[in-house]
Structures are given as C-alpha cells and as structure tokens.
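# Report on the structure
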Amino acid sequence: MARKITIEPVTRVEGHGKVTIHLDDNNNVAQSRLHIVEFRGFERFVQGRPYWEAPVLVQRLCGICPVSHHLAAAKAMDVIVGAGTGDGLTPTGEKMRRLMHYGQTFQSHTLHFFHLCSPDLLFGVDADPAIRNVIGVALEHKDLAVQAVMMRKFGQEIIRATAGKKIHGTGAIPGGINKSLSDEERDEFLKGADPLNIDKMISWAQAAVDLFKDFHSKNKDMIDNFAVFPSNHLSLVRKDGALDLYHGVLRAVDSEGKKILNDVDYQDYYNHIGEEVKNWSYMKFPYLKSIGKKDGWYTVGPLARLNTCDFIPTPLAQKEFEQYKAYTNGKPNNMSMHMHWARLIENLHAAEMIKELLNDKDIQGKNLVTKGKKVNEGVGLLEAPRGTLFHHYKINEQDQIVMANLIVSTTNNNEPMNRAVTHVAKSVFTGKPEITEGMMNSVEVAIRAYDPCLSCATHALGEMPLEVSMFDARGDIIDVKRK
Amino acid sequence: MSKITFEIDGKECTGKAGQTIVEAARDNGIYIPVLCWYEGMKPAGICRICTVRVGGRFMAACTTPVAEGMIVENEIPELEDMRKAIVEMLFVEGNHMCPTCEKSGNCELQALGYRYGLMAPRFPYLFPKRKMDATYTKIMIDTNRCVQCRRCVRGIVTKDGKHIFSMTNRSGHSTIVADPQLESKMSDELAKKAMDQCPVGAILKKEVGFAVPIGKRKYDVTPIGSEIQK
Ligand code: SF4
Ligand code: NI
C-alpha cells in the first residue's frame, strides 16, 4: 500500500494550503501535491449583477491582491463598452490605471521580499524558524524593516491616489478611470519628505536587488539547485517584446526559449489555453492547447515574465535584466529560487515606471472615459504581481453578467508549484517515511518562491461548498454565507 | 405669513404656519433624520425615522405641522436608540452589501448607519429572497436594496403627470416596479433624478456606476445631517 504523509499548514502563505506527499511501495517519494482548499464561489456570485459593478465586486475575491482583480475586470469591461483594449482608453485613463497597477506591484513585491523571502536570505533556510521570520528581520535588521514599511506605504498611497482607497477602491470604471491626479498628489510622490518620495523608493528597490545578488554570490549552491526543473513560461509582453505588466499580447516560451505561443491577442485566450480538472484538486490545471494536457503546463509570474520578454523599458531594471539574463546565457531561467531575483528586478522596474508616469502630463488630464459600441463579451488580462490573471465575462441584453471565467495567477502556477514541491520533497527525503524538519522547511521555501495567493484561487466547480464573506468599509466582517 | 414660536430640545425656534416639524427644524438649523421624506415631495410618514416626542406622544415629524408653543423632543437617548433600531431593521430586512454597492458614499441608509454608530444589528438578518429587476431600458431596480420609502412612487412623474413607479404585492412581499412603457421613454435627466432621489442603491441608472471618486461623494467627508445642523 502506498503511504501518504500530510504537512499543514504552510506558514507565511496567505490563505490555507495543504501539502500531501505520496510515497510509493518502496517508501520513496512518488509525488507530492499542494491542495488549495480556499474557495469563494465568485463566478456564481457575480451572475445577474450589472456589468459596471464587476470591477468593484471582484475585489472581494481576495484581500491580498484586490487591485489586480479590479483592473483585470475593468479591462474586460473596457472591451464590453466598446473602448477597446489597453491603448483604446484616453491617455489619462490608461496612465492612471497603469500608475495604480505599478503602485500595487511595488507594494506587493516589497511585501513578498521582506516578509516572505528576506528571512530566508538573512538567516538562511536552515535557521531556526523561531528567528527566520519577519519579526526576526525587524529585530536584527531594523533599517531593512523600516524600508519595507515605508516602501509598502508608498505603494499603498499610490493606490489610494488612483483608486480612491488603499484597499477596495473604485477608480477603474468601464472605459477609463473616475479621477486623475491633482498637482498636490503628484508633488507629494515626486518630492515628498524623505523617505516617502519616488527617488528614495528607486534607490531602496535597487538596494534590495543588490542584497539578493550578494546573498546569491555566497549561496550559489542552494539558490541555483533548489527546485530546478524545465518549464514552459507564459506572460503578456508589450507588442515590441518589452516587459509590460499592464497590457500586451500573450507569449509563451519553452524551457529552451523557443516561442510556443507567438504574441497572440488575448481576447480569444480560450483557443490557446485549456483548463484541466483533476479529481484530487479543487483548483484547475491550465495548459497550452497546442502542446496538450500532459506537457502544456506553464509557469507565470516574475520568473516567467523575465523569460518571455526581450527587454525592460526602464534603464536601471534593464541593466539588472542584462546581468540576470547573462547568468543563464540568455536562455530561460528554470531555477525556482531565481523567482526572487526576478521579482526584485521587477520591483525596481515598477518604481521607475511610477516615476515616469508621475512626470507625465497626461496623468493630470481631464478626459477620463471613452466608450464605443457595446458588445456582449470581454476578456481582460493583466500581469498581476504573482502572474497572468485572466478575467472573462459575458453579459445579456439587459447589461447583466451571465458568465464569468477567471484564471488567477495561483491557478496558472498550479502544476509548477506541484512540481516544485515534489522536487524538493524527493531531494530531502531520507528514505524513512517521516516528515523531517528539513522537509518541512524546503516545502515551505518552494511554495513561497511562487508567492501563491491561496486566498483568491477560486475556480468554481458546481459541487463545491460555497462561502461568501462580506466586509464593511472599515474592513469589519458583516456577513458570511455558506452553501 | 404668521410666525410660530416653538421649542426643540429646549431651543427656541420659529416656524411658519403650515410647515411640518421637519421643515421648521431645518430652518432653525436642527437635524431630524429622515428617509422617506424628500425636499419638495409630499410627505408620507412611512419610515418613522423622524419620530419625535410632542407632549409625551410619539409623532412623525415629517407629517406633523408645527404649532404655537409646541415642545418637541428630538435628540434624546430614547428616540435616538429607536431611530438606530429602525436603521438596523432596514438593514436586516433587505440585502445591503455596501462594499460593492455603487451608491456607497451617497447612500442615506449607509450614512444613517454611520451617524448612529451601527455595528452589528440587534435583529437577525432575514436574507430575503429578492431579485435584480433588469428588464427595463434606462434603469435597473435592485429590490434587494429597496427600503420602500416610496420616494420614486411620489416623486418621479412624466411631463404629463403620470407616475412611473408603483408598488405591487403586499407587506413583506411588496416590491417597486416601473411601468415599462413610461420607463422606456424616460429622459436621461429623469432617470438620473430617480437614481438620485432613491435614498439607497435600489434604482440604478444604467452604465454610469462609480463615476464619482471616493472622497468626492456626498457623505465621504461629513456625516449626514451636518449640512443642516448649526
Ligand atoms: S426604489 Fe428607492 S425610492 Fe423607490 S421605494 Fe425603494 S428605496 Fe424608495
Ligand atoms: Ni489574491
């Protein structure tokens, strides 16, 4: 009889995750699985609601990455109201959205680095978990902890200025945005008292990349050999191949760098991407149709994005990108721990983008919304901090949503996360059917590299238990429904 | 016009003959909460949130005329708690989900909830089964949010005086409906007026949600009533 060992919960990952390690008859690790149990039944909840409510409604999916959902839904609604995709909006509409997105990317990547990744870097993966955590960082590396808090605050203030609130704002509306940036708001971000100004943010983001590179040079063995396995990589890229987190065409490359999805329009993503259901998981497994279910799985997120794009359109991040690419001789990077490196380069890029947008006159324009001929279906894609996020809606004649399909980043990374977990479980397995401290650690570190948002991995399957939670404006819970 | 002298919570007030207590109080810088009452609309005395005590008796301030020498009790704990209870009842009787409602920040029910410091209602939620009525051309009626104040019934009329909205069914099942013919001919201005006059997010003008940014909405900065209170 095959044996099964269960490890739970995975700490420092939002929501609930459950890992099972499956041993074969000879007491070797055969497979290990990450079970994601969180579910919010959103796709059903949204049925019947007016389409313009979607960008606000969907934020309730997730307390961790609401802005990503807000913007992806708004992009889908742009299509529905005939404003086209991405560049169809007014310059003010598009750039305010971009500012919101880069602001959230900055705060999210910062959070991930300092809370989830830096403890491992500063104390080592094998350190006592009692100090290998964010509190440990705060106690031993005060300066870093202060930076983390300030960088997050800066990102959140950008979100507030663009969306109206730090969480669950209303800024993005179908066809555009409901506000532009005032002089005071812009100047505060550009020239605010130290450290809360964009130049300081850029220098701190640069310092974080340097911190990682320093750690890497001293720990090559671990960083370069931990959970390395060939994968396909998928993301949006700008039409000219640049890294673009807000809008672009879909591109995928295989583990050798060959393009397997060649810059396609994402409005018909479903012709390119399928979703497989497996009996042991509530979360679906997306795959590239051209390759098939077995080998068509792919990775999304920072690692994937730096594998698909040709360059980064801001100077400091581009410089880092060149070094990063040189490390793998320009080939795709398949080392899970390099996800942290990629994330920090993106964070630097986000800070540079914020500065560029703040200095752009369009951000203060008055022309906020465009609309054209309404259609009954729209798809919105976005590179969320954790990877490609798909929102797809259909509406009826009466403007009600009749269909919603979402593929969240964490779902896109379902297979690679399972592979990573299996990989490390195998590598640290001692031959004895027991869960060692080392196994616990490694499994955690592997999952954390992907920064899964377990809180919004929501794909609805009919027979799932349904729970919907409601919060008031101050974040207090006001309602929970189960079905 | 003859002047009337009366008193609210010990404050000397003056009013005009024919004015209701609510109207006269506003002229004197005193806020009496209202929900079904709307400036310029015939008062109906439905919601009872304006209840005051006159000579020991409870009365709807929106329908009771002021009289010479009247002693009105308004902001006293007993009444304030009863008003809060009414707000709580309205919350539990419908399906009100402020975080996703486009009326948030402009909603009078929500604003009253904040004014009365409503946390968890003392009554159990009823979770009634209600529907979103999207069959119209210019508007949607989300009956989940309707507090049955009948402002729309009283206040929204066509140029030739026809009422567009009406109430169907009885008691707990009563619902607001619009005449489909008249509704489809509503001007944009009238549809907007219907949405603005509805105290909650039950009447939605199509395709304009969330146009006003957070911070610029009616009750974002100051609580409901502060525009009247001196
Ligand atoms: S729809 Fe609005 S205005 Fe009409 S009765 Fe209901 S709450 Fe009042
Ligand atoms: Ni999330």
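Source: prediction; values computed, not measured.

The next thing to look at is the nonpolar core. Judged by nonpolar contacts, the single largest core of 116 residues is most densely connected at Phe106(A), Leu306(A), Ile354(A) and Tyr393(A). Considering each element in turn, this core owes the most residues, 12 residues, to helix H12 (residues 338-358) of chain A. Counting residues in hydrophobic clusters, the runner-up holds 42 residues, among them Tyr31(B), Leu109(B), Ala111(B) and Val200(B).

Moving on, we come to the sheet that holds strand E4 (residues 57-60) of chain B. Residues and elements named next belong to chain B. Sheet architecture is open: five strands sit in the order E2-E1-E5-E3-E4, paired in mixed fashion. Unpaired on one side and paired on the other, strand E2 (11-16) and E4 mark the two borders of the sheet. In this sheet, neighbouring strand axes are inclined to one another by 40° on average, regardless of whether the strands run parallel or antiparallel. As paired strands, strand E1 (residues 3-8) and strand E5 (residues 71-73) are joined by two bridges and run parallel to one another. Bridging from a neighbouring strand, Ile 8 pairs with Val 72 of E5. Here helix H2 (residues 77-93) sits on the sheet in contact with strand E3 (51-54), E4 and E5, set at roughly 155° to E3.

Moving on, we come to the site of ligand 1. The environment of ligand 1 is made up of 13 residues, and the closest members are Cys146(B), Cys149(B), Arg150(B), Cys152(B) and Cys198(B). Looking at the shell around ligand 1 residue by residue, the classes come out as 10 nonpolar, one polar and two charged.

Our next topic: the confidence of the model for chain A. Residue and element names in this part refer to chain A. With 84% of its residues at a pLDDT of at least 70, chain A reaches an overall mean of 84. Under a pLDDT of 50 for its full length, residues 7-16 has, in the predicted model, 34 contacts with residues more than four places off or in other chains. Every residue in residues 457-483 scores below 50 in pLDDT, and together they form 78 contacts with partners more than four places removed in sequence or on other chains.

Let us look at unusual backbone geometry. Residue Pro195(A) follows Asp194(A) across a cis peptide bond; omega there is 0°. Tracing the chain through its elements places Pro195(A) in the loop between helix H7 (183-191) and helix H8 (198-218). The phi angle at His168(A) is positive, at roughly 60°, despite the residue not being glycine. Along the chain, His168(A) turns up in the loop between helix H6 (142-163) and strand E4 (172-173). A relative accessible area of 14% places His168(A) in the buried class. Of note in this structure, Arg150(B) is not a glycine but carries a positive phi near 65°. Looking at the element boundaries, Arg150(B) is found in the loop between strand E7 (139-142) and helix H4 (151-155). Its relative accessible area of 36% is what places Arg150(B) among the partly exposed residues.

Looking now at the pairing of strand E8 (residues 259-264) of chain A. Residues and elements named next belong to chain A. Bridge count between strand E7 (residues 249-253) and E8: three bridges; the pairing is antiparallel. Note on E8: the bridge partner recorded for Ala 252 is Leu 261. The hairpin turn running from E7 into E8, its antiparallel successor, is five residues long, and Gly 257 in that turn takes a positive phi close to 100°.

This next bit is on the packing of aromatic side chains. Residues and elements named next belong to chain A. If you walk through the whole model with that rule in mind, you get 11 aromatic pairs over all chains. Taken together, a centroid distance of 5.8 Å and an interplanar angle of 70° make the contact between Tyr 327 and Trp 341 edge-to-face. Note that Tyr 327 is positioned in helix H11 (residues 315-327) and Trp 341 in helix H12, a separation of 14 residues in sequence. Residue Tyr 327 is classed as partly exposed on the basis of its relative accessible area of 32%. Among the aromatic residues, ring-to-ring pairing joins Phe 212, Tyr 324, Tyr 327 and Trp 341 into one connected group. A cation over an aromatic ring shows up here: Lys 75 above the ring of Tyr 246, its NZ or CZ 4.5 Å from the ring centre.

To continue, consider the interface of chain B and chain A. A common way to state how big an interface is: give the accessible area lost once the parts meet. At the interface, 26 residues of chain B touch 33 residues of chain A. In total, chain B and chain A occlude about 2,500 Å² of area from one another, counting both sides; carbon and sulfur atoms represent 61% of this. Per-residue buried area on chain B facing chain A is highest for Glu207(B), Phe210(B) and Ile214(B); these three make up 27% of the total on that side. In this structure, the connection of chain B to chain A is made through four salt bridges. For Arg49(A), the salt bridge identified is with Asp142(B), shortest N-O distance 2.7 Å. Viewed at the interface, chain A and chain B are joined by eight residue pairs in polar contact (both at pLDDT 80 or more). Breaking the side of chain B that touches chain A down by element, the ones donating at least two residues are E7 and strand E10 (203-205) of chain B. Classifying every residue of the side of chain B that touches chain A gives 16 nonpolar, four polar and six charged.

Next up on the list: the layout of surface pockets. Residues and elements named next belong to chain B. There is about 1,100 Å³ of room inside the largest pocket. Every residue lining the largest pocket is counted, 49 residues in all, and those nearest its centre are Lys 103, Ser 104, Gly 105, Asn 106 and Lys 218. For the lining of the largest pocket, the elements supplying multiple residues, two or more each, are helix H3 (108-115) and helix H6 (188-197). In terms of residues, the lining of the largest pocket owes the most to one element, H3, which gives four residues. Across the lining of the largest pocket, the residue classes tally to 23 nonpolar, eight polar and 18 charged.

Cut-offs used in this document
- Residues numbered from 1 in each chain as written.
- Chains lettered and ligands numbered in written order.
- Predicted model: local features only at pLDDT ≥ 70, side-chain atom pairs only at ≥ 80, totals over all residues.
- Heavy atoms only, no water.
- Core = buried A, V, L, I, M, F, W, Y, C linked by side-chain atoms within 4.5 Å.
- Buried < 20%, exposed > 50% of the residue type's maximum accessible area, 1.4 Å probe, protein only.
- Helix = DSSP H or I, 4+ residues; strand = E, 2+ residues; numbered from the N terminus.
- Pairing = 2+ DSSP bridges.
- Axes fitted to C-alpha atoms, helices over the stretch in contact; angles between N-to-C directions.
- Contact = heavy atoms within 4.5 Å.
- Near = heavy atom within 4 Å.
- Nonpolar A, V, L, I, M, F, W, Y, C, P; charged D, E, K, R; others polar.
- pLDDT = per-residue confidence, 0-100.
- Phe/Tyr/Trp six-rings, centres within 6.5 Å; stacked < 30°, edge-to-face > 60°.
- Lys NZ or Arg CZ within 6 Å of the ring centre and 35° of its normal.
- Buried area = accessible area lost by both parts, 1.4 Å probe.
- Salt bridge = Lys/Arg side-chain N within 4 Å of Asp/Glu carboxyl O.
- Polar contact = N/O pair within 3.5 Å; in protein donor to acceptor, adjacent residues only side chain to side chain.
- 1 Å grid on protein atoms, 1.4 Å probe; cavity = no way out; pocket = protein on both sides within 12 Å on 5 of 7 lines; lining within 4 Å.
- Points joined across faces, edges and corners; volume = space filled by probe spheres on them.

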